[in-house]
Amino acid sequence: MTVVSAFLVPGSPLPYLRQDNAPWQPLAAGYEKVRDALQASQPDALLIYSTQWFAVLDQLWQARPHLTGEHVDENWYEYGDLTIDLRSDTDLVDACIAGCADIGIRAKGVNYDHFPVDTGTIVANNFVNPGGKIPLVIAANNLYHGPAETEKLAAMAVEQADKQGKRLAVLAIGGLSAAYFDEEIDIADDRIRHDADDAANRQLLDALANGDRRSASEALGRFNEGTKADMGMKHLSWLFGATGDFKGAQVHAYGPTYGAGAAVVEFNL
């Protein structure tokens, strides 16, 4: 099996930077469970898709062998900086870039120092891959790609890993409902902003936990129709494309990130 583990994780820095805040503690604790499960699966590389790395022309892939530095989130800068320590599996990245041509998608790698890595990728890597020991394959969220193209890209990446005989863990980084509070709140009182969003989030998570690829896709369609979702939940499309199928999931945590919804989910492959 090429894909040995797969996870949906939030990209917000809040549970990472303020683990002392009660509403965000469950998400941080859920991330710890993902770290343990991911390491137990012994992947050769992490296949990452974050809704926060935007591309508008070609499909971009992170090709820098090693990126380090400090990152300041553009929204939550008052809570602290994020340390960057990312190592890329450049052989697999190169194969993915070449493989994009076979599925009719233009692609290129980005390879320069101080590249503006997105917050979600940094947070997820710091939580589950401290020290950057496991190399990464990081794909951008092309804003012109819909779910179908996103699934094709993920499936292609898995195919390239299979050709290289590598085991992959999949990280789909993003939130659920995306209605943030637009006024300052006491973070100790953070909650899902709208009751309807809370209900929709829980229904989607129940479908993931109790279903398979087909039923989860149907639930995702209903979720997107009735909820302002994080980038149309393309990060789940990425996970669907990478895994091909799954048999239920474990929801390790669910909670708010300044009004928006977030969850930590481990999929049963």
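Okay, the overall build of the protein next. In terms of helices and strands, the protein carries eight helices and 10 strands. Projecting the C-alpha coordinates of the protein onto the three principal axes gives extents of approximately 50 × 40 × 35 Å. Across the protein, contacts joining residues at least 24 apart in sequence account for 82% of those joining residues at least 6 apart. Just so you have it, the protein exposes about 11200 Å², and 47% of that area is on carbon and sulfur atoms. Charge centroids of the protein, computed over 21 positive and 37 negative side chains, lie 5 Å from each other.

Before going further, it helps to spend a moment on helix α8 (residues 234-243). Of all 10 residues that make up α8, 10 are buried, and the element is covered over most of its length. Within α8, burial applies to Lys 234, His 235, Leu 236, Ser 237, Trp 238, Leu 239, Phe 240, Gly 241, Ala 242 and Thr 243. Gly 244 sits one or two positions beyond α8 and adopts a positive phi of about 75 degrees.

Right, let's get into the pattern of salt bridges. Taken as a whole and judged by the stated rule, the model has 11 salt bridges. Notably, a salt bridge pairs Asp 198 with Arg 202, separated by 3.1 Å at the nearest N-O pair. You can see Asp 198 and its partner Arg 202 sitting in helix α6 (residues 195-210), four residues apart, about one turn around the helix. A residue is classified by how much of its surface remains accessible, and Asp 198, at 22% relative accessible area, is partly exposed. The class of Arg 202 is partly exposed, set by a relative accessible area of 45%.

Looking now at the pairing of strand β9 (residues 249-257). Within β9, seven of the nine residues are buried, which leaves the element mostly enclosed by the surrounding structure. In this sheet, strand β10 (residues 260-267) lies alongside β9 in antiparallel orientation, the contact comprising eight bridges. Bridge pairing links Thr 257 to Ala 260 in β10.

This brings us to the packing of helix α7 (residues 213-226) against α8. Two elements in contact, α7 and α8, have axes separated by 12 Å at closest approach and are oriented at 165 degrees. Comparing the axis directions of α7 and α8 gives the class roughly antiparallel. Like other packed secondary-structure pairs, α7 and α8 cross with a definite hand, here left-handed. In this structure, α7 uses Arg 213, Ala 216, Ser 217 and Leu 220 to contact α8, whose residues at the interface are Leu 236, Ser 237 and Phe 240. Considered class by class, the residues forming the contact of α7 with α8 number four nonpolar, two polar and one charged.

So, about the packing of aromatic side chains. Within this structure, the stated rule accounts for 12 aromatic pairs. Ring geometry for Phe 246 and Phe 267: centres 5.0 Å apart, planes at 80 degrees, overall edge-to-face. With Phe 246 in the loop between α8 and β9 and Phe 267 in strand β10, the pair connects residues that are 21 residues apart, well separated along the chain. Accessibility expressed as a relative area gives 4% for Phe 267, which makes it buried. Within the aromatic cluster, the residues linked to one another by ring pairs are Trp 24, Trp 76, Tyr 79, Phe 181 and Tyr 258.

Let's shift gears to the side chain of Asp 118. Note that Asp 118 resides in the loop between β6 (107-110) and α4 (119-128). Among the polar contacts made by the side chain of Asp 118, one reaches the side chain of Thr 121 at a distance of 2.8 Å. In this structure, Asp 118 is in contact with Ser 50, Gln 52, Trp 53 and His 71, ignoring residues within four places of it in sequence.

Take the packing of helix α3 (residues 90-102) against helix α5 (residues 147-163) next. Direction vectors running N to C along α3 and α5 enclose 130 degrees, while the axes themselves pass 9 Å from each other. In this view, α3 runs oblique relative to α5, as classed from their interaxial angle. Relative to α5, α3 is oriented so that their crossing is right-handed. Contacts from Leu 92, Ala 95, Cys 96, Gly 99 and Cys 100 of α3 reach α5 at Leu 153, Met 156, Ala 157, Gln 160 and Ala 161. Of the residues that constitute the contact of α3 with α5, the class distribution is eight nonpolar, two polar and no charged.

The rules behind each value
- Residues numbered from 1 in each chain as written.
- Predicted model: local features only at pLDDT ≥ 70, side-chain atom pairs only at ≥ 80, totals over all residues.
- Heavy atoms only, no water.
- Helix = DSSP H or I, 4+ residues; strand = E, 2+ residues; numbered from the N terminus.
- Contact = heavy atoms within 4.5 Å.
- Areas by Shrake-Rupley, 256 points an atom, 1.4 Å probe, with all protein chains shown as cover.
- Lys, Arg positive; Asp, Glu negative; His and termini not counted.
- Charge placed at Lys NZ, Arg CZ, Asp CG, Glu CD.
- Buried < 20%, exposed > 50% of the residue type's maximum accessible area, 1.4 Å probe, protein only.
- Salt bridge = Lys/Arg side-chain N within 4 Å of Asp/Glu carboxyl O.
- Pairing = 2+ DSSP bridges.
- Axes fitted to C-alpha atoms, helices over the stretch in contact; angles between N-to-C directions.
- Parallel < 35°, antiparallel > 145°, perpendicular 65-115°, else oblique.
- Left-handed = near helix turned anticlockwise from the far one by under 90°.
- Nonpolar A, V, L, I, M, F, W, Y, C, P; charged D, E, K, R; others polar.
- Phe/Tyr/Trp six-rings, centres within 6.5 Å; stacked < 30°, edge-to-face > 60°.
- Polar contact = N/O pair within 3.5 Å; in protein donor to acceptor, adjacent residues only side chain to side chain.

By themselves, these are just geometric observations and shouldn't be taken as functional.
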